[in-house]
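In case you want the letters, here they are:
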There are 2 protein chains.
Amino acid sequence: MENNKSTGEILREKREEKGLLLRHISAELDIDTAILSKIERSERKATKEQILKLADILNLNKDNLLVQYLSERILYEIRDEELGSKALKVAEQKMKYINNKKSQA
Amino acid sequence: MENNKSTGEILREKREEKGLLLRHISAELDIDTAILSKIERSERKATKEQILKLADILNLNKDNLLVQYLSERILYEIRDEELGSKALKVAEQKMKYINNKKSQA
DNA sequence: ATTATATTTGACACTAATTGTCAAGTGTAA
DNA sequence: TTACACTTGACAATTAGTGTCAAATATAAT
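The text that follows walks through the structure, step by step, so that each part is easy to find.

Thresholds applied
Residues numbered from 1 in each chain as written. Chains lettered and ligands numbered in written order. Predicted model: local features only at pLDDT ≥ 70, side-chain atom pairs only at ≥ 80, totals over all residues. Heavy atoms only, no water. Helix = DSSP H or I, 4+ residues; strand = E, 2+ residues; numbered from the N terminus. Rg over C-alpha atoms; globule rule 2.2 N^0.38 Å. Buried < 20%, exposed > 50% of the residue type's maximum accessible area, 1.4 Å probe, protein only. Contact = heavy atoms within 4.5 Å. Lys, Arg positive; Asp, Glu negative; His and termini not counted. Charge placed at Lys NZ, Arg CZ, Asp CG, Glu CD. Core = buried A, V, L, I, M, F, W, Y, C linked by side-chain atoms within 4.5 Å. Salt bridge = Lys/Arg side-chain N within 4 Å of Asp/Glu carboxyl O. Buried area = accessible area lost by both parts, 1.4 Å probe. Polar contact = N/O pair within 3.5 Å; in protein donor to acceptor, adjacent residues only side chain to side chain. Nonpolar A, V, L, I, M, F, W, Y, C, P; charged D, E, K, R; others polar. Least-squares fit on C-alpha atoms with pLDDT ≥ 70 in both. Near = heavy atom within 4 Å. Phe/Tyr/Trp six-rings, centres within 6.5 Å; stacked < 30°, edge-to-face > 60°. Lys NZ or Arg CZ within 6 Å of the ring centre and 35° of its normal.

**What about the overall build of chain A?**
Along the backbone of chain A there are 6 helices and 0 strands. When the helices and strands of chain A are placed in sequence order, the string is α-α-α-α-α-α. Its C-alpha atoms give chain A a radius of gyration of 16 Å, more than 25% over the compact-globule value 13 Å for 105 residues. Each of the three principal axes of chain A carries a C-alpha extent, and together these read 45 × 35 × 25 Å. Here chain A, with 105 residues, has 42% of them falling under the buried criterion. Considering only residue pairs separated by 6 or more positions, chain A has 54% of its internal contacts joining residues 24 or more positions apart. The centroid of the 21 positive side-chain charges in chain A is displaced by 4 Å from the centroid of its 19 negative side-chain charges.

**A few points about the nonpolar core**
One finds I74 and L88 of chain A together with I74 and L88 of chain B to be the most contacted residues of the largest nonpolar core, which totals 55 residues. Apart from the residues within four sequence positions on either side, I74 of chain A is in contact with L88 of chain A together with I74, E77, I78, A87, L88 and A91 of chain B.

**Some thoughts on the pattern of salt bridges**
All names here are of chain B. Applying the stated rule across the entire model yields 14 salt bridges over all chains. With a closest N to O distance of 2.5 Å, R12 and E40 form a salt bridge. Here R12, found in helix α1 (residues 7–17), pairs with E40, found in helix α3 (residues 33–40); they are 28 residues apart in sequence, far enough to count as distant. When its relative accessible area of 5% is taken as the criterion, E40 is described as buried. Among the ionic pairs, E40 bridges to R15, the shortest N-O distance being 2.7 Å. Here E40 is found in helix α3, whereas its partner R15 is found in helix α1, with 25 residues between them in sequence. Take R15: its relative accessible area is 6%, and that puts it in the buried class.

**What to know about the interface of chain B and chain A**
The partner chain A presents 32 residues to the 32 residues of chain B that form the contact. Across the chain B to chain A interface the summed buried area is about 3300 Å²; carbon plus sulfur atoms make up 68%. Of the charged contacts in the structure, one is a salt bridge between E77 of chain B and R73 of chain A, with a shortest N-O distance of 2.7 Å. At the surface where chain B touches chain A, the tally comes to 6 residue pairs in polar contact (both at pLDDT 80 or more). At the level of elements, α5 (62–77) and α6 (84–104) of chain B are the ones that each hand at least two residues to the side of chain B that touches chain A. For the side of chain B that touches chain A, the leading source of residues is α6 of chain B, giving 13 residues. Split into classes, the residues belonging to the side of chain B that touches chain A amount to 14 nonpolar, 7 polar and 11 charged.

**Brief notes about the relation of the copies chain B and chain A**
Once turned by 180° and shifted 0.0 Å along the axis, chain B lies on chain A with an RMSD of 0.1 Å. Here the two chains are linked by the operation of a two-fold rotation axis. Residue I74 of chain B of chain B places its C-alpha closer to the rotation axis than any other residue of that unit, at 2.9 Å. Interface overlap between copies is the fraction of interface residues in one copy that are interface residues in the other; for chain B against chain A it reaches 100%, indicating a shared surface.

**With respect to the protein's contact with DNA strand C**
Near DNA strand C you find 20 residues, and of these D32 and R44 of chain A together with R23, S37 and R41 of chain B are the closest. Among atoms of DNA strand C positioned within 4 Å of the protein, sugar and phosphate together represent 63%. Within the side chain of R44 of chain A, an N or O atom sits 2.6 Å from a base nitrogen of DNA strand C. Between R15 of chain B and DNA strand C, the recorded distance is 2.9 Å, taken from a side-chain N or O atom to a phosphate oxygen. The element best represented in the surface near DNA strand C is α3 of chain B, accounting for 4 residues.

**What about the packing of aromatic side chains?**
For any pair of aromatic rings, geometry is given as the distance between the ring centres together with the angle between the planes. Counted under the stated rule, the structure contains 0 aromatic pairs over all chains. Above the plane of the ring of Y76 of chain A lies R79 of chain A, whose end atom (NZ or CZ) is 3.7 Å from the centre.

**What to know about the protein's contact with DNA strand D**
Taken together, 20 residues sit near DNA strand D, with R23, S37 and R41 of chain A together with D32 and R44 of chain B positioned nearest. Between DNA strand D and L22 of chain A, the relevant distance is 2.8 Å, taken from a phosphate oxygen to a main-chain nitrogen or oxygen of the residue. Looking at the surface near DNA strand D, the elements with two or more residues in it are α1 (7–17), α2 (22–29) and α3 (33–40) of chain A together with α3 of chain B. Classifying every residue of the surface near DNA strand D by side-chain character gives 7 nonpolar, 4 polar and 9 charged.

Here's what the structure looks like:
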């Protein structure tokens, strides 16, 4: 199902494929190259706005990239939590319950 | 499966069941009653440490309460995100993948 | 109605986490 | 040995999270 590449890896691969340099892209994002370098190596998280711009610049599917990105934020939230995967499952249940309520209304 | 009560509701119910006042518990947590009041009404998030203490004070199962709490933090992370439930599913896949790798090592 | 107590509300202070810059460092290839 | 791309780490700026306090509201007992 191909979700084993990190957002950073996806970004770096696509950038290199296009022959672009860090400074080309970081200029468009209006940040220092240092940050983009760190984002690509998963040393820093991007912001949502940066992700959306990156999808544009690199011709990546916005929804896919955003889902990757959000899933990493979720996992970061439960990093080194013993009960992380239980919490994820419960979160999904709650989400379903909420969505049900919405569709009823 | 009973995951439709918020952490705050659980805390308030149990506190009232025990006939305790906000100030009794907030004293033990070393915070103002105002915050505990807000936590019980889901207007503020507790910290993990507060959750663990609350489980102690109110004789609630630590793991259950922590899972409730963490699941709310996860949902908070994807609040008003269209793609929230996709992101949750992908997070679970990644989690499984990571856990697999661990058990192989 | 008045007092007493419990809880709630909102303005604001403090702290911690996140996001950023900058300058010096490393790697690689003319 | 110069040039260029990228990386690293110290630290500055910004934003989000956690808390206090005092005033407001709610409820119940005189």
